[in-house]
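# Architecture and fold: a report
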Amino acid sequence: MKKLTALALCGALAGFLVVLQGCNNAAQNSVAVETTPAPIEQTRTIYVPQGEKLVAKPTPRKAIDTQVKLGGDAAPVVQEVISAAPDYFPKNAKILSVKREGDIVIMDVDKNFANDQWWSSAGSSGAGISMSAVTLTAAGEDKTPVKLIVEGKEVPTLGEMDISEAQAPSTELLEKK
């Protein structure tokens, strides 16, 4: 009986070693694929309205950190434009999200930002500089066209401005150094 138990134990051990060797060979033959996540785009410059011009300023570090935490959503960076020049925007205006979708940037704003009465009363030059500031900031370094939507919905106008299509940001109002 002892011989039979010893033989069974040896057989089990041999089987285990064969299985273990097979796993080792499979591991050696497999190819490890290393993936590196795509870097999160960081908006490094904000454009702030001052008088009749836009002034380029470095993005505050806190806004960049928040952008990275949100997976690249540049809303906190564009919100910095509003915080830096609140008189150029409707009261309590908020940027909800700023994300690249294909070859355009979608900037979603809240209903306070989309206050038609405010945009109409700002006049074409006032509304133009305000909109240029947020779209140029949202567009990023490559100046991607920006489509404005309001709380997830497309709207044709903002005050008297046509926002039915994505707009290429203009650098025309940038302060010359």
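Notes on the structure follow. No experiment lies behind these values; they were computed from the predicted model shown.

A separate point is the pattern of salt bridges. Enumeration according to the criterion identifies two salt bridges in this entry. For Asp142, the salt bridge identified is with Arg100, shortest N-O distance 3.4 Å. Of this pair, Asp142 sits in the loop between helix H5 (123-139) and strand E5 (146-150) while Arg100 sits in strand E3 (residues 95-101), and the two are 42 residues apart along the sequence. Owing to a relative accessible area of 49%, Asp142 belongs among the partly exposed residues under this scheme. We classify Arg100 as partly exposed; its relative accessible area is 36%. As a salt-bridge pair, Lys147 and Glu154 come within 3.7 Å of each other at their nearest N and O atoms. Overall, Lys147 belongs to the buried group, its relative accessible area being 6%. The class of Glu154 is exposed, set by a relative accessible area of 61%.

Since there are 3.6 residues in each turn of an α-helix, residues three or four apart along the chain are aligned in direction. Here helix H3 (residues 75-84) lies mainly inside the structure; seven of its 10 residues are buried. Here H3 has its buried residues at Ala75, Pro76, Val77, Val78, Gln79, Val81 and Ile82. Buried-residue contacts for H3 involve strand E1 (45-50), helix H2 (61-69), E3, strand E4 (104-109) and H5.

For the rest of this paragraph, the subject is the sheet that holds E4. Read from one edge of the open sheet, three strands run E3-E4-E5, paired in mixed fashion. Either end of the sheet is taken by a strand with one partner, and the two such strands are E3 and E5. For this sheet, the mean angle separating the axes of adjacent strands, direction not counted, is 20°. Two strands pair when backbone bridges link them, and E3 and E4 are joined in this way by six bridges, in the antiparallel orientation. Paired with Ile95 across the strands is Val109, a residue of E4. Along the sheet, H3 makes contact with E3 and E4, crossing E3 at roughly 130°.

Ile95, Val98, Met107, Phe113, Val134 and Leu158 are the most contacted members of the largest nonpolar core, which totals 37 residues. Of all the elements in the fold, those that place two or more residues in this core are E1, H3, E3, E4, H5 and E5. If one sorts the elements of this core by residue count, H5 sits on top with eight residues. Apart from residues lying up to four places away in sequence, Phe113 is in contact with Ile82, Phe89, Pro90, Ala93, Lys94, Ile95, Trp119, Met131, Val134, Leu148 and Leu158.

So, on to the packing of aromatic side chains. Counted according to the given criterion, the structure contains three aromatic pairs. With a centroid separation of 5.3 Å and 45° between ring planes, the pair formed by Phe113 and Trp119 is classed as tilted. Take Phe113: its relative accessible area is 0%, and that puts it in the buried class. Ring centres 4.9 Å apart and planes at 80° place the aromatic pair Trp118 and Trp119 in the edge-to-face group. For Trp118, a relative accessible area of 21% puts it in the partly exposed group. Exposure remark for Trp119: the relative accessible area of 2% places this residue in the buried category. Ring pairs connect the aromatic residues Phe89, Phe113, Trp118 and Trp119, which therefore count as one cluster.

Parameters and conventions
- Residues numbered from 1 in each chain as written.
- Predicted model: local features only at pLDDT ≥ 70, side-chain atom pairs only at ≥ 80, totals over all residues.
- Heavy atoms only, no water.
- Salt bridge = Lys/Arg side-chain N within 4 Å of Asp/Glu carboxyl O.
- Helix = DSSP H or I, 4+ residues; strand = E, 2+ residues; numbered from the N terminus.
- Buried < 20%, exposed > 50% of the residue type's maximum accessible area, 1.4 Å probe, protein only.
- Contact = heavy atoms within 4.5 Å.
- Pairing = 2+ DSSP bridges.
- Axes fitted to C-alpha atoms, helices over the stretch in contact; angles between N-to-C directions.
- Core = buried A, V, L, I, M, F, W, Y, C linked by side-chain atoms within 4.5 Å.
- Phe/Tyr/Trp six-rings, centres within 6.5 Å; stacked < 30°, edge-to-face > 60°.

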